[in-house]
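Results of the structural survey
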Amino acid sequence: MKSTQGLAALVLLATTTAAHAEFSGTVTATTDYDWRGVTQTAQDPALQGSLDYATDFGLYAGAWASNVDFGSGDPNVEIDFYVGWGGGETLLWDVGAIYYVYPGESDFNFPEIYGSLGWEFIEGKISYSWDFAGTSETAFYYEANVDYGLPANFGVIGHIGYSD
């Protein structure tokens, strides 16, 4: 009887979570896909898209894809799978993980974890990979971001980053 009640509670919780969640997606065309200051498309255009799932209590997951061009014989597509949890209104926080996948070139695939803290419109973030670009080398990326809203749906966005 107790396991049936526990199962029923779990189903109700899952139903409630699904009722307070949202799917979204994007499609982007860009003149060059740059990642951390390095072109990923040999300075050629890229077509990108994402499918995202987010709950009201800050959990999110999704996939993002783009064409890439690292030279002849290298991968032509990048797909990033990500999951995380974030929140806050004035004090902002976010933690998560990304797995970068290059179909046809699994040696390039690599994981990354990240965490960020922010205050209103300013954010600091650290990302870490223990197998950067499939090289078995560790890598950190430090970044600072500003996203300040202005009247009439305008805004100021700034980013600075450092790869180590």
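Residues numbered from 1 in each chain as written. Predicted model: local features only at pLDDT ≥ 70, side-chain atom pairs only at ≥ 80, totals over all residues. Heavy atoms only, no water.

1. Examining the nonpolar core
Judged by nonpolar contacts, Tyr33, Ala46, Trp64, Val68, Tyr82, Ile98, Tyr100, Tyr102, Phe110 and Tyr114 together constitute the single largest core of 10 residues. Where this core is concerned, the elements lending two or more residues are β7 (91-101) and β8 (110-119). For Tyr33, the contacting residues outside a window of four places in its chain are Val38, Thr39, Gln40, Thr41, Asp44, Ala46, Gln48, Trp64, Ser66, Asn67, Val68 and Glu78. (Core = buried A, V, L, I, M, F, W, Y, C linked by side-chain atoms within 4.5 Å. Buried < 20%, exposed > 50% of the residue type's maximum accessible area, 1.4 Å probe, protein only. Helix = DSSP H or I, 4+ residues; strand = E, 2+ residues; numbered from the N terminus. Contact = heavy atoms within 4.5 Å.)

2. Regarding the pattern of salt bridges
A full pass over the atoms with the stated rule returns one salt bridge. Note that Arg36 and Glu112 form a salt bridge whose closest N and O atoms lie 2.9 Å from each other. One end of the pair, Arg36, is in the loop between β2 (34-35) and β3 (38-39); the other, Glu112, is in strand β8, with 76 residues separating them in the sequence. (Salt bridge = Lys/Arg side-chain N within 4 Å of Asp/Glu carboxyl O.)

3. Section: the pairing of strand β4 (residues 46-55)
The side chains of a regular strand alternate, first on one face of the sheet and then on the other. Of the strand pairs in this sheet, strand β1 (residues 21-30) and β4 are connected by 10 bridges, and their pairing is antiparallel. Note that in β4 the partner of Ala21 across the bridge is Thr55. Pairing analysis gives seven bridges linking β4 to strand β5 (residues 59-67), with the strands arranged antiparallel. Note on β5: the bridge partner recorded for Gln48 is Ser66. The loop that links β4 with its antiparallel partner β5 comprises three residues; one of these, Gly58, has a positive phi angle of about 100 degrees. (Pairing = 2+ DSSP bridges.)

4. Structural notes on the environment of Leu51
Structurally, Leu51 is set in strand β4. For Leu51, a relative accessible area of 53% translates into the label exposed. Residues Leu51 and Thr26, spaced 25 residues apart in sequence, show a C-alpha to C-alpha distance of 6.8 Å. When sequence neighbours within four positions are dropped, the list of residues in contact with Leu51 reads Ser24, Gly25, Ala61, Gly62, Ala63 and Tyr82.

5. A closer look at the side chain of Ser50
With respect to the secondary-structure elements, Ser50 resides in strand β4. When its relative accessible area of 14% is taken as the criterion, Ser50 is described as buried. A polar side-chain atom of Ser50 sits 2.6 Å from a polar atom in the side chain of Thr26. Within the structure, the side chain of Ser50 is placed 3.1 Å from the side chain of Asp52, a separation counted as a polar contact. With residues near it in sequence (within four places) discarded, Ser50 still touches Ser24, Gly25, Thr26, Ala63, Trp64 and Tyr82. (Polar contact = N/O pair within 3.5 Å; in protein donor to acceptor, adjacent residues only side chain to side chain.)

6. Some words on the environment of Phe140
On the secondary structure map, Phe140 appears in strand β10 (residues 139-150). Assessed through its relative accessible area of 32%, Phe140 is described here as partly exposed. In this structure the C-alpha to C-alpha distance between Phe140 and Ile126, which are 14 residues apart in sequence, comes to 7.0 Å.

7. Some details on unusual backbone geometry
Here the phi dihedral of Gln43 falls at roughly 60 degrees; this positive angle occurs in a residue that is not glycine. Within the element layout of this structure, Gln43 appears in the loop between β3 and β4. Even without a glycine there, the phi angle at Ser136 is positive, about 65 degrees. Among the structural elements, Ser136 can be located in the loop between β9 (122-129) and β10. Under the relative-accessibility criterion, Ser136 is labelled exposed at 59%.

Remember, this is a structural readout, not a statement about activity or role.
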